[in-house]
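Inside the fold
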Amino acid sequence: MERTLIKETPERIGEKVELFGWVDSRRDHGKLIFFDIRDRSGIVQAVVTPKSAAYEEANKLRDEWVIRVVAEIKARPEKMINEGLSTGTVEAAISELEVLNESETPPLPLKGDGMDIDEDVRLKYRYLDLRRERLQKNIKLRSEFVDRCRQFLFERDFSEIETPMLTKSTAEGSRDFVVPSRLHKGKFFALPQSPQQYKQLLMTAGFERYFQLARCIRDEDLRADRGFEHTQIDMEVSFVDRDEFMKMDEEMITTVVEAMGYKIKEKPFPRISYKTAINEYGGDKFDLRNEAEKQDGVLAFAWVTDFPFFEKADDGGYTFSHNPFSAVMPESLDDLLKGENVENIISSQYDLVCNGFEVGGGSIRAHRADWLEAALKIMGMDEEKIQKDYGHMLEAFKYGTPPHGGIAHGVERMIMILSGEEYLREVQAFPQSSSGRTSVMNAPEPISDDQLKELGLKIDIKKDKE
Ligand code: ASP
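Residues numbered from 1 in each chain as written. Predicted model: local features only at pLDDT ≥ 70, side-chain atom pairs only at ≥ 80, totals over all residues. Heavy atoms only, no water.

1. As for the pairing of strand E2 (residues 32–39)
- Of all the eight residues making up E2, seven are buried; the element is thus mostly covered by neighbouring parts of the structure.
- Taking the residues that link successive antiparallel strands as the turn, the strand E1 (residues 16–29)-E2 hairpin has two residues, and the phi of Gly30 there is positive, at about 60°.
- Here seven bridges tie E2 to strand E3 (residues 42–48), and the two strands are oriented antiparallel to one another. Bridge pairing links Asp36 to Gln45 in E3.
- Adjacent in sequence and paired antiparallel, E2 and E3 are bridged by two residues. (Buried < 20%, exposed > 50% of the residue type's maximum accessible area, 1.4 Å probe, protein only. Helix = DSSP H or I, 4+ residues; strand = E, 2+ residues; numbered from the N terminus. Pairing = 2+ DSSP bridges.)

The following block contains the structure:
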């Protein structure tokens, strides 16, 4: 017999089917045993009568046991139909039952949204927490979103290309996570804060249209919408200008979210300059929805453009406001190259905001060595520092790097908006805790003395600080 998925049971009335899944909400009514069977596609009510050969075995069942059953799918009498359930018109009368695995009583309730359960408990038992309907939905929504973006990009001749996880430490706006090297003792890799430089090098390499579901790892102060790890839909395209790129990206977002059934407030997305955003909305992440639109789950996208390239650094000099690899707008190029009028130099950066969150950011890049060098000099770097940190990019730009630009969309932020969740951890399968520890497994943790020796490392913190 071939497995039937639970969602298909309403079309199988009168047939004997084989179902696999978990016992959900067992309840007894007199001699009748009722429970729901849950698989990845849904739940269906099962009933076992005292006449059934499975009765004795069914009597032992507890919630979350894993079972295989053979059952006849029966139409429920009119007044027993459960409108709130997609399989509410049927029930499965079980004639055969096999227990595939038992389960202890779960240490946390799996019904309900789980919001009032202690975070540490939810994350320690994340594999159970994830059985919760809300989280199943969120994780699948994420998968669908990513799948649709992929389809869109493949249809437009993009190649999906992976870039290294062990890479070089560069200032990209956040703190690095570093990995000690065994072969080169005393030296460190950094985990990528983003694939920014590699994706630009792929443009030098002639791929023209790149994307990646990129894991970005940043040692940041944790917040509701920020973790150490997040995923970006990371894209880069050659031979585009700012408007062409924004238009294509907007088409992707529009196509994907509309296909998923969401309504967009305004198309094309309004474009708002950074200055206007600050003056009119008091910030560059604003919410354009009215109350009714908030209730209806409408998505209000907008582009923010024309950011100043540089901002004042704490040391009195300048730093980049978004991305040191961005190009400036053509009208600012002269100022950039001369290092003049620095505060009025406008970046080609474009940010995408939606319902008060930043859900994407990108720019047209400096594809010429003199452009990048000029920006780095304004930020106070001397020749030696520039060569040490950015020399590989300047070198690559000598060999026919095409003009290019791209963007990265934060997947978690998008899914938080689409699902109405307020916390990043509700849309990641195995998130970090708010104190920066892993789900399920205990990390970070000390490594053995042997490992330390092999890496040439000595730990110099007082034990009592741990
Ligand atoms: N690399 C940038 C970031 O991670 C995004 C981009 O400009 O493509 O924020």
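2. Focus on the pattern of salt bridges
- Per the stated rule, a full pass over the model turns up 46 salt bridges.
- One salt bridge in this structure joins Asp243 and Arg271, with 2.8 Å as the shortest N-O distance. Of this pair, Asp243 sits in helix H6 (residues 242–259) while Arg271 sits in strand E11 (residues 271–273); the two residues are 28 residues apart in sequence, bridging distant segments of the chain.
- By relative accessible area, Arg271 is classed as partly exposed at 41%.
- Arg425 is the partner of Glu426 in a salt bridge, and the nearest nitrogen-oxygen pair spans 3.6 Å.
- A relative accessible area of 0% means that Glu426 is categorised as buried.
- Taken together, the salt bridges that share partners define one network made up of Glu119, Arg122, Arg126, Asp129, Arg132, Arg134, Glu421, Arg425 and Glu426. (Salt bridge = Lys/Arg side-chain N within 4 Å of Asp/Glu carboxyl O.)

3. With respect to the packing of helix H5 (residues 196–204) against helix H11 (residues 383–396)
- For the pair H5 and H11, the least separation of the axes is 10 Å and the interaxial angle reads 20°. It follows from the interaxial angle that H5 and H11 lie roughly parallel. As for how H5 packs across H11, the hand of that crossing is left-handed. Contacts from Gln197, Gln200, Leu201 and Thr204 of H5 reach H11 at His392, Met393 and Ala396.
- Looking at side-chain class alone, the contact of H5 with H11 contains three nonpolar, four polar and no charged residues. (Axes fitted to C-alpha atoms, helices over the stretch in contact; angles between N-to-C directions. Parallel < 35°, antiparallel > 145°, perpendicular 65-115°, else oblique. Left-handed = near helix turned anticlockwise from the far one by under 90°. Contact = heavy atoms within 4.5 Å. Nonpolar A, V, L, I, M, F, W, Y, C, P; charged D, E, K, R; others polar.)

4. Some thoughts on the site of the ligand
- Lining the immediate surroundings of the ligand are Ser194, Gln196, Lys199, Arg218, Gln232, Asn323, Gly361, Gly362, Arg365, Ile407 and Ala408.
- With respect to the ligand, the side chain of Arg218 contributes an N or O atom lying 3.0 Å from an oxygen atom.
- Within the contact set of the ligand, an oxygen atom lies 3.2 Å away from a side-chain nitrogen or oxygen of Asn323.
- A total of 270 Å² of accessible area belongs to the ligand in isolation, and the protein chains cover 82% of it.
- Going through the elements one at a time, H5, strand E16 (357–364) and strand E17 (404–410) are the ones with two or more residues in the shell around the ligand.
- Of the residues that constitute the shell around the ligand, the class distribution is two nonpolar, six polar and three charged. (Near = heavy atom within 4 Å. Polar contact = N/O pair within 3.5 Å; in protein donor to acceptor, adjacent residues only side chain to side chain. Areas by Shrake-Rupley, 256 points an atom, 1.4 Å probe, with all protein chains shown as cover.)

5. Focus on the nonpolar core
- With 65 residues, the main nonpolar core has Phe145, Met235, Phe301 and Leu418 as its most contacted residues.
- In terms of nonpolar packing, the next biggest core, distinct from the first, is built from 23 residues, Tyr55, Val69, Val90 and Leu97 among them. (Core = buried A, V, L, I, M, F, W, Y, C linked by side-chain atoms within 4.5 Å.)

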